[in-house]
Structures are given as C-alpha cells and as structure tokens.
Amino acid sequence: MKAVILAGGLGTRISEETHLKPKPMVEVGGKPILWHIMKIYSAHGINDFVICCGYKGYVIKEYFANYFLHMSDVTFDMEKNTMHVHQRKAEPWRVTLVDTGDDTMTGGRLSRVAEHVRGEEAFCFTYGDGVADIDIGKLVAFHHTHGKQATVTAVQPAGRYGALSMEGSTVRGFVEKPRGDGGWINGGFFVLSPSCIEHIAGDDTVWESEPLTCLAESGQLKAFEHGGFWQPMDTLRDKTYLEQLWAAGKAPWKVWK
C-alpha cells in the first residue's frame, strides 16, 4: 500500500524555520517531522511513499539523496577521494518525490500524483506536518470494511490553554490543556480510493473544500475516530512542545522500536 504525503506548503506560521526549508523538513529531535510521519507508517508495514513537493522541494530531494550521510557514520579519505559509510542504517522505503508546484493547493497536489496511485485499490494520504499514535492498520481495515470511497481520521484536539475549575468565584482546581469543546475535526491520515481524485478540478482546488464536501454529501466519506495523541506542528510553540516530548522520551507517536 502507498502513502501520499503533502510536503509543499510554505509554512508561514512557523516562518522562523521555514525561510530556509519546507515545513516538513523542520526537525524534531534532530530528524525532519516528515521522517517521523514516515516512521509511523513504516511501523505499520507501509513503506512505499509518494511525497508531494513544492516550496523548496530540492531540500527534501537532497535529504533522501544523501540519506546514508544523514543517518550513518562516514569516513572521507581526501587523498584517495573516497568515502566509506559505516553501519548503514537503511529504511525499507521506496520514496517517489514529485514536484507539484510552489503555489498548488492541497487538492491540486494530490491530483498531480494521480498516476502514482491510479492502480491501487486504496492508498493513504496525509499532511507533512502532524504526528499521532494512530493505529494505521486499524484505520486501513476500517476503510475496507465500510466500502466507501474515503475515510478521514477524526480527532479531538486538546484546548490550547489551561482551564479553571470553579464554583462561583472560587477556583477549585486547574486543568492543564483540557480537551477542547468535544467537537471532532479533520486530523488528516486519510485512506482513499483513487476515484476520489476525480472530485479535484485542478491546481487551485483545496482538498478540504469541494472534494471532501462532495464525498460527504454523496455518503462516500466515513470517519475513523482516533481518541489518542494527535499534534500538528503549525507554530514554533507546537514545535517546542513536540521537541520537549521527544527529549523526555515521552513521544506518544514513536510507535516504532
């Protein structure tokens, strides 16, 4: 099974990092968040990736072209002009990098990689800036069980600020980052039939707008409810939070060994 990952956005809300690199290459624990997302899929047996590149896509291409250099010790013999890589840490990945344009919208990017998923019964599709401890195997099984065209992972994000527990004007307690208002939102981590791409008109199509609306109105969109950890990396504050979890050895999305 293939996983398509959107990796072409500008990431303007985390511009402190993205003026030099695309958002999916912003690092958490010394590795791009794109790497973390791919490790989540790989832990569930999905190792064939199609990456939708755009803004500064060459940075992503150079990263995978030099993957051994990033992940292994290396000796350069300058006199002999040779390079020796020690203890190669190879992933069982097949990575296809597609330039989908700097200004293309999310739906347009998916449409531009249609040829790479056309022969699939279904494929995974997600954003290149969010992690979760989602069970991809259960998500895919759920999709095959209901038989509809599309599945979206529904999540309930935590509140952004702490909440006061009050009786009248008396504060009885404080809850750090409580659950939000109880509403379910689009958490990414889709499973799609290739026929979903037919709902995309062109480069200017936003996946979250007309295509998802059409699928929902026709009864072809099901939600897989994920009540566990989910965290996007929209801002520098989000990146810092993920970094703290990783540094403390408490990263819930690290489902690999």
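Owing to the predicted nature of the structure, the values given are computational and were not obtained by experimental measurement.

Undergrad: What's the story with the overall build of the protein chain in this structure? I'm lost.
TA: Along the backbone of the protein chain there are 8 helices and 16 strands. Relative to the globule expectation of 18 Å for 257 residues, the C-alpha radius of gyration of the protein chain, 20 Å, shows essentially globular dimensions. The principal-axis extent of the C-alpha atoms belonging to the protein chain is close to 80 × 45 × 35 Å. In the form shown here, the protein chain has an accessible surface area of approximately 13,200 Å², with 49% of it arising from carbon and sulfur atoms.

Undergrad: It is not clear to me how the nonpolar core should be interpreted in this structure. Could you clarify?
TA: The tendency in soluble globular proteins is for nonpolar side chains to be buried side by side. Counting residues in each nonpolar core, the largest one holds 45 residues, and the members touching the most others are Y41, I51, I136 and W253. Listed by contribution, the elements that provide at least two residues to this core are β1 (2-7), α2 (33-43), β4 (48-53), α3 (57-65), α4 (67-71), β9 (130-132), α6 (136-146) and α8 (236-247). For this core, the leading source of residues is α2, giving 7 residues. Excluding residues that lie within four positions of it along the chain, I136 makes contacts with I40, Y41, H44, I46, C124 and F189. In terms of nonpolar packing, the next biggest core, distinct from the first, is built from 22 residues, C52, V113, A114 and I197 among them.

Undergrad: Please clarify how the pattern of salt bridges should be interpreted in this entry.
TA: Pairs can form between side chains of opposite charge whenever their charged atoms are close. Under the definition given, this model contains 8 salt bridges. Between D129 and K23 there is a salt bridge, with the nearest N and O atoms lying 2.8 Å from each other. Remark: K23 occurs in the loop between α1 (15-18) and β2 (27-28) and D129 occurs in the loop between β8 (123-127) and β9; sequence separation between them is 106 residues. Considered together, D129 and K23 belong to a single accessibility category, that of buried residues. Salt-bridge contacts for E243 lead to K239; the nearest nitrogen and oxygen are separated by 3.0 Å. Of this pair, E243 and K239 are both found in helix α8, 4 residues apart, which corresponds to roughly one turn of the helix. On the accessibility criterion, K239 (11% relative accessible area) is buried. By sharing partners, the salt bridges in this structure join R13, K23, D129 and D234 into a single network.

Undergrad: Can you walk me through the packing of aromatic side chains in this structure?
TA: To describe a pair of aromatic rings, you give the distance between the ring centres and the angle between the ring planes. All told, the structure shown has 16 aromatic pairs when counted by the stated rule. Measuring from centroid to centroid gives 5.2 Å for Y63 and F64, while their planes differ by 80°, and the two rings are edge-to-face. Overall, Y63 belongs to the buried group, its relative accessible area being 8%. Aromatic pair F142 and F224: ring centres 5.7 Å apart, planes at 55°, arrangement tilted. Pair noted here: F142 is in helix α6 and F224 is in strand β15 (residues 221-226), with a separation of 82 residues, a long-range link. Through pairs of rings, three or more aromatic residues link up here, namely Y41, F49, Y63, F64, Y67, W93 and F189.

Undergrad: What's the story with α2 in this structure? I'm lost.
TA: Every α-helix carries 3.6 residues per turn, so stepping three or four residues along brings you back to the same face. Among the 11 residues of α2, 10 are classified as buried, and the element is accordingly described as predominantly covered. Taken as a whole, α2 has its buried residues at I33, L34, W35, H36, I37, M38, K39, I40, Y41 and S42. Just beyond α2, the residue with positive phi is G45, at close to 85°.

Undergrad: So what exactly am I meant to see when it comes to the environment of E27 here?
TA: Among the secondary structure elements, E27 is positioned in strand β2. Through-space distance from the C-alpha of E27 to that of E17 is 9.2 Å; in sequence the pair is 10 residues apart. Non-local contacts of E27, meaning those with residues more than four positions away in its chain, are made with P32, K239 and E243.

Undergrad: Can you help me understand the layout of surface pockets in this one?
TA: Left-over empty space is what a probe sized like a water molecule reveals as it rolls over the atoms. Size it by volume and the largest pocket reaches roughly 720 Å³. Lining the largest pocket are 30 residues, and of these G9, K23, T106, Y127 and D129 sit closest to its centre. Secondary-structure elements contributing two or more residues to the lining of the largest pocket are β1, α5 (106-112), β8 and β16 (230-232). Partitioned by chemical class, the residues of the lining of the largest pocket number 10 nonpolar, 12 polar and 8 charged.

Basis of the calculations
- Residues numbered from 1 in each chain as written.
- Predicted model: local features only at pLDDT ≥ 70, side-chain atom pairs only at ≥ 80, totals over all residues.
- Heavy atoms only, no water.
- Helix = DSSP H or I, 4+ residues; strand = E, 2+ residues; numbered from the N terminus.
- Rg over C-alpha atoms; globule rule 2.2 N^0.38 Å.
- Areas by Shrake-Rupley, 256 points an atom, 1.4 Å probe, with all protein chains shown as cover.
- Core = buried A, V, L, I, M, F, W, Y, C linked by side-chain atoms within 4.5 Å.
- Buried < 20%, exposed > 50% of the residue type's maximum accessible area, 1.4 Å probe, protein only.
- Contact = heavy atoms within 4.5 Å.
- Salt bridge = Lys/Arg side-chain N within 4 Å of Asp/Glu carboxyl O.
- Phe/Tyr/Trp six-rings, centres within 6.5 Å; stacked < 30°, edge-to-face > 60°.
- 1 Å grid on protein atoms, 1.4 Å probe; cavity = no way out; pocket = protein on both sides within 12 Å on 5 of 7 lines; lining within 4 Å.
- Points joined across faces, edges and corners; volume = space filled by probe spheres on them.
- Nonpolar A, V, L, I, M, F, W, Y, C, P; charged D, E, K, R; others polar.

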